[in-house]
Structure formats: structure tokens, C-alpha cells
Amino acid sequence: MPVAALQASTLDPQTAVYDQIVEAGDSFLHKIEQGQFFRIVDLEGNQAVDTLFYNARDYADRYSAQDTIREQGNIYLTTGTRLVSLFGNVLLTIVADTCGRHDTLGGACAAESNMVRYDLGKRHMHACRNSFLKGAMQWGHGLGKRDLGPNINFFMNVPVTPEGKLTFEDGVSEAGKYVELRAEMDVLVAISNCPQLNNPCNAYNPTPIRVLLWDANVL
Ligand SMILES: [Zn+2]
């Protein structure tokens, strides 16, 4: 276990300029301006929040799990993690985290991975990749299937064993835990609030999340 960098935020939800509930299984896309603070709250606990970030001016410049891991020399994300893009830009920095560990290795669930991992009959179950694609189509502005790359799974517990294997374990998050990020440039966030029912990432019960935004001058 790495040392968790638990850090609470001083920002008050009453002063947020945006405050929204994202239901279990829904997608959410929103632009975040440079300097704004973005918080994701795991309202009921043990909910995986599959998330992608893009440079708002160029969607080809998206979040890169590989570059982020290499830059920080750690496979888990927490307070202090700088989210690096494919073109080497820092998109956002995690500035507060009351959960302590977030995954960026496990990927987003898809019809294909559900069939391989669980059963052929799981093909038609709702999966994150469908939610991302639906959200991208609704957002428009050229965002499409080719832009759906490796993602972050906030609040998801995917430990790497001493043998180097990935396992999807019961979550370490609890009701009310949150992660907060500061945008270092104008970014687009895309969330799939994971509908997965075949592994313990959502405690077999997907639940809503809350997303909030504060302007840069709130501090
Ligand atoms: Zn999922």
C-alpha cells in the first residue's frame, strides 16, 4: 500500500458556481476553465467514477495515463498528482482527496471486456464505454470514438499484486469521500458514472455522485 495523501478541501459547497448530481449509469460532460476547482463526491460510497479529461482547445491532447504515471513515479493517483496529457501539458492537479487512492490502470468497462471477463451473455449490459460514446455524441464539437482513451477510475480500488497482477477489489471509498482538482488550463471533463454490476467496483450497486465547480477567485 502506498502512503495515502489524505487532504481535505476548504471550499464550501455553498460558494460553488455549479453543483450537479450525476445519476448512476449516466454520463456527464462539462468545460472547466483554467483555475477553477472541480470536485467529485462519492455520495453513497464505493462508486467507480470513470473519467476522461481533454485540452478544451484540442481534444487530440487528452489525458495520458502513461505520462501521468511516469511523471509521478506512482501507479495510484492522489493529492499532488498532476494529470499529464499526451502532448505533455498538465491538465489538472489533484489538490484534495479524502479517499486516498484512485486507479488509472483498470480502464473503463465495455461490452467487450464484460464478455471476456464475465460471460458472453453480459454483452448487452450497460457499460462505461457506451456512456462515454453517448456523452461524446451529445457534446459534439468533433469529440468522438477515437478520443476515448485510457481513463481514470476515481474511487476505484485496483491494487497491483506482488506478482504484478491487477485485481478489482472492494472499494476503499465511503459515503461523502471526495476528490478535488484544480484546472491548470481550460479542460473538458467527461464522466461515466459506472454502471458495472459484475465486479465489486461499485459494491454491486451503482449510486449517484455529485460534481461541483468553484471559480478561481474563490480562495
Ligand atoms: Zn464502468
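As shown above, the structure is provided for reference.
A brief look at the structure comes next. (Residues numbered from 1 in each chain as written. Predicted model: local features only at pLDDT ≥ 70, side-chain atom pairs only at ≥ 80, totals over all residues. Heavy atoms only, no water.)

The protein atoms that coordinate the zinc ion are C109 (SG), C128 (SG) and C194 (SG), at distances spanning 2.2 to 2.3 Å. Read from N- to C-terminus, the donor residues coordinating the zinc ion fall into the pattern C-x18-C-x65-C. In this pair, C109 is assigned in the loop between β7 (90-97) and α2 (111-117) and C194 in the loop between β10 (187-193) and β11 (209-214), connecting sequence segments 85 residues apart. When its relative accessible area of 2% is taken as the criterion, C194 is described as buried. (Donors = N, O, S within 2.8 Å, 3.2 Å for Na, K, Ca; no water. Helix = DSSP H or I, 4+ residues; strand = E, 2+ residues; numbered from the N terminus. Buried < 20%, exposed > 50% of the residue type's maximum accessible area, 1.4 Å probe, protein only.)

Let us now look at empty space enclosed by the protein. In total, this model carries 1 cavity of 30 Å³ or more according to the counting rule given. Around the largest cavity, the lining comprises 13 residues; the ones closest to its centre are G107, A108, C109, M156 and F168. Taken together, the residues that form the lining of the largest cavity break down as 6 nonpolar, 5 polar and 2 charged. (1 Å grid on protein atoms, 1.4 Å probe; cavity = no way out; pocket = protein on both sides within 12 Å on 5 of 7 lines; lining within 4 Å. Points joined across faces, edges and corners; volume = space filled by probe spheres on them. Nonpolar A, V, L, I, M, F, W, Y, C, P; charged D, E, K, R; others polar.)

Let's shift gears to helix α1 (residues 65-72). Those residues of α1 not exposed but buried are A65, D67, T68 and I69. Tucked inside the fold, the buried residues of α1 contact β6 (82-84). Once α1 ends, the next one or two residues include G73, with phi positive near 65°. (Contact = heavy atoms within 4.5 Å.)

So, on to the nonpolar core. In terms of nonpolar packing, the biggest core is built from 28 residues, with F38, I40, F53, F154 and I191 touching the most fellow members. Taken together, the elements giving at least two residues each to this core come down to β2 (27-32), β3 (37-42), β4 (49-55), β7, β8 (152-154), β9 (177-183), β10 and β11. Judged by nonpolar contacts, the second largest core, of 10 residues, contains L29, Y59, F132 and L188. (Core = buried A, V, L, I, M, F, W, Y, C linked by side-chain atoms within 4.5 Å.)

A word on the sheet that holds β11. A sheet is described by the order of its strands in space; here 6 strands give the open sequence β1-β11-β3-β9-β7-β6, paired in antiparallel fashion. Edge positions in the open sheet fall to β1 (18-22) and β6, since each of these has one partner strand only. Direction aside, neighbouring strands of the sheet carry axes that sit 20° apart on average. In this sheet, β9 lies alongside β7 in antiparallel orientation, the contact comprising 5 bridges. (Pairing = 2+ DSSP bridges. Axes fitted to C-alpha atoms, helices over the stretch in contact; angles between N-to-C directions.)

A few words now on the side chain of D97. Within the fold, D97 resides in strand β7. Salt bridges are absent for the buried D97, whose nearest opposite-charge side chain, K177, sits at 8.2 Å. In this structure the side chain of D97 is engaged in a polar contact, spanning 2.9 Å, whose partner is the side chain of H102. Sequence-distant contacts of D97, defined by excluding residues within four places in its chain, comprise A5, L6, Q7, L77, T78, T79, H102, Y178 and V179. (Lys, Arg positive; Asp, Glu negative; His and termini not counted. Salt bridge = Lys/Arg side-chain N within 4 Å of Asp/Glu carboxyl O. Polar contact = N/O pair within 3.5 Å; in protein donor to acceptor, adjacent residues only side chain to side chain.)

Tracing the chain through its elements places L6 in the segment before β1. Given a relative accessible area of 54%, L6 falls into the exposed group. Leaving out residues up to four positions away in the same chain, L6 has contacts with D97, T98, C99 and G100.

Before going further, it helps to spend a moment on unusual backbone geometry. Negative phi values dominate among residues other than glycine, just as trans dominates among peptide bonds. Even without glycine at this site, F155 takes up a positive phi of about 70°. In this structure, F155 sits in the loop between β8 and β9. Even without a glycine there, the phi angle at Y204 is positive, about 60°. Examined against the element boundaries, Y204 turns out to sit in the loop between β10 and β11. Under the relative-accessibility criterion, Y204 is labelled partly exposed at 49%.

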